[in-house]
Amino acid sequence: MIGIDLSNTQLFNVGIDIFSAILALIIYFSYKHFFSESYENEQICGLEMILCIVLIADIGTWLLDGISGRGFGFLLFFCHIIYNLGFVLAMGYWTKYAYFRVRGVPMSDRLRRLFLRNPFLIFAVFLMTTPITGWCFRIDSSNVYHRGSLSMPYYLLLVAYLIVSMIMALLYYRKEQLPDRKGELLTIAFFPVPMLAGGLLQLMAYGLSLEWPCAVISSLLIILNKCKRSISRDSLTGINNRRNLDLYLSTYPEERSITVIMMDINDFKHINDHYGHGLGDEALECAAEVMRMACARSSVFLARYGGDEFVMIVNSDFKKEGDVIVERIRNGFDALNQADKLPFDISVSIGQGTALRASKEIIRQCFADADDDMYREKDKYHGRTKDQRD
């Protein structure tokens, strides 16, 4: 371990902690102001607030360390308890966020109980008994902080949550084919790296405070990635927008086969005119969710093409694979209508276009083929509905 003169580093540590706490607050209020409430934003906001509290506690530990007096000793002990409890809570918020963004669903109650609540309760008991056991840390008679006999295992167990989230993101990255999704998974996998590097330097050079400022840098990367995602997402449905579709197609490999599936909601103007644009927007959201679920198990790029039209890009020229996805879509709308979530039924007209290669000209032809196929089906739909009215 490298020895560092604390008198030369206290100002640096306090300064970088203050800067990092301010940055964490900026990130927190940015989420509150610019993004709507959601499960993932709740986890990130919780993480940022905990980071801010931990950094303030860290400032207290540097300012109070070595100052004589029983009151100062109590405050120093309190700051270290808050610091370590914050570590536990931060790992919990990050684990829930990473799981949700990687897997697409929140952790189940059973998983939270098994991997978060019960272990973290043990960590909390371990911390609260530290005044008696000295396992995590101890404060000597001169009010100087010392690491406890079990501080390293405690630290490594918490770091394991970061490692697991990194491995989970990398495993999904290997199977993912969509570029923007791969970028997000890499960002999640990279999140622990600055924090682990800062923690390692902090362990080697006792007297430096780098771990939590590095964690704030990592969380800054998360919000930058979210801003990038928000630019490429349709604000109503949450799926890819036309801009991101164009970007995706511009980088699509020419040697790869392609299937284009186009979808248009039937009688959408009638829905808006008779039920209002509020329910029309809700219909678009429900339709997008049905399509998202239909392609969840496939390598498919889903986007809102414009208005009530949607498009899927399937990395395959096998019409059978496109037919499977189309069947999932129709089954999804049947289930939605049976659930009576809306005061009207929703159906879509669907068309496909496939090709063995994907040059720009061929992609345009696939879109044209899918569009023609879709409108042929729409003509049949209008013919059926006319017959039913007659």
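Structure: above.
Residues numbered from 1 in each chain as written. Predicted model: local features only at pLDDT ≥ 70, side-chain atom pairs only at ≥ 80, totals over all residues. Heavy atoms only, no water.

Here's the deal with the overall build of the protein
- Helix and strand counts for the protein stand at 14 helices and eight strands.
- Here the C-alpha atoms of the protein give a radius of gyration of 27 Å, more than 25% beyond the 21 Å that 2.2 N^0.38 yields for 390 residues.
- Projected onto its principal axes, the C-alpha coordinates of the protein cover approximately 95 × 45 × 35 Å.
- Counting across all 390 residues of the protein, residues that qualify as buried make up 48%.
- Of the contacts made within the protein by residues no fewer than 6 positions apart, 73% connect residues no fewer than 24 positions apart.
- Here the protein displays about 20000 Å² of accessible surface, and carbon together with sulfur accounts for 61% of that area. (Helix = DSSP H or I, 4+ residues; strand = E, 2+ residues; numbered from the N terminus. Rg over C-alpha atoms; globule rule 2.2 N^0.38 Å. Buried < 20%, exposed > 50% of the residue type's maximum accessible area, 1.4 Å probe, protein only. Contact = heavy atoms within 4.5 Å. Areas by Shrake-Rupley, 256 points an atom, 1.4 Å probe, with all protein chains shown as cover.)

Looking at the nonpolar core
- Core analysis: the largest hydrophobic core is formed by 56 residues, its most contacted members being M91, W94 and W212.
- Secondary-structure elements contributing two or more residues to this core are α1 (6-34), α2 (39-64), α3 (70-103), α4 (109-128), α6 (151-175), α7 (179-190) and α9 (211-232).
- Ranked by residues supplied to this core, first place goes to α3 with eleven residues.
- Residue contacts for W94: discarding those within four places in its chain leaves L47, L162, S165, I188, F191 and I222.
- Core analysis: the next-biggest nonpolar cluster, separate from the first, contains 30 residues, I265, F268, V326 and L342 among them. (Core = buried A, V, L, I, M, F, W, Y, C linked by side-chain atoms within 4.5 Å.)

Some thoughts on empty space enclosed by the protein
- By the definition in use, this model includes two cavities of 30 Å³ or more.
- In this model, the second largest cavity occupies a volume close to 40 Å³.
- Along its surface, the second largest cavity is lined by L336, N337, D340, K341, L342, F344 and D345. (1 Å grid on protein atoms, 1.4 Å probe; cavity = no way out; pocket = protein on both sides within 12 Å on 5 of 7 lines; lining within 4 Å. Points joined across faces, edges and corners; volume = space filled by probe spheres on them.)

Topic: the side chain of D58
- Summarising the element assignment, D58 is placed in helix α2.
- In this structure, D58 is buried with no salt-bridge partner, the nearest side chain bearing the opposite charge being R147 at 10 Å.
- If we ignore the near neighbours within four places in the chain, the residues touching D58 are D17, Y83 and S209. (Lys, Arg positive; Asp, Glu negative; His and termini not counted. Salt bridge = Lys/Arg side-chain N within 4 Å of Asp/Glu carboxyl O.)

Description of the pattern of salt bridges
- As enumerated under the stated definition, the model contains twelve salt bridges in all.
- For R101, the salt bridge is made with E184, and the minimal N-O distance between the two is 2.5 Å. Highlighted residues: R101 in helix α3 and E184 in helix α7, separated in sequence by 83 residues. Take R101 and E184: they sit in the same class, and that class is buried.
- A salt bridge links R292 to E289; the shortest N-O distance between them is 2.3 Å. Remark: E289 and R292 occur in helix α12 (residues 277-294); sequence separation between them is three residues, near one turn of the helix.
- Of the residues examined, E289 reaches a relative accessible area of 35% and is grouped as partly exposed.

Notes on the environment of R112
- Note that R112 resides in helix α4.
- Considering only alpha carbons, one finds R112 and R229, 117 residues apart in sequence, at a separation of 27 Å.
- Residue contacts for R112: discarding those within four places in its chain leaves K96, M107 and R117.

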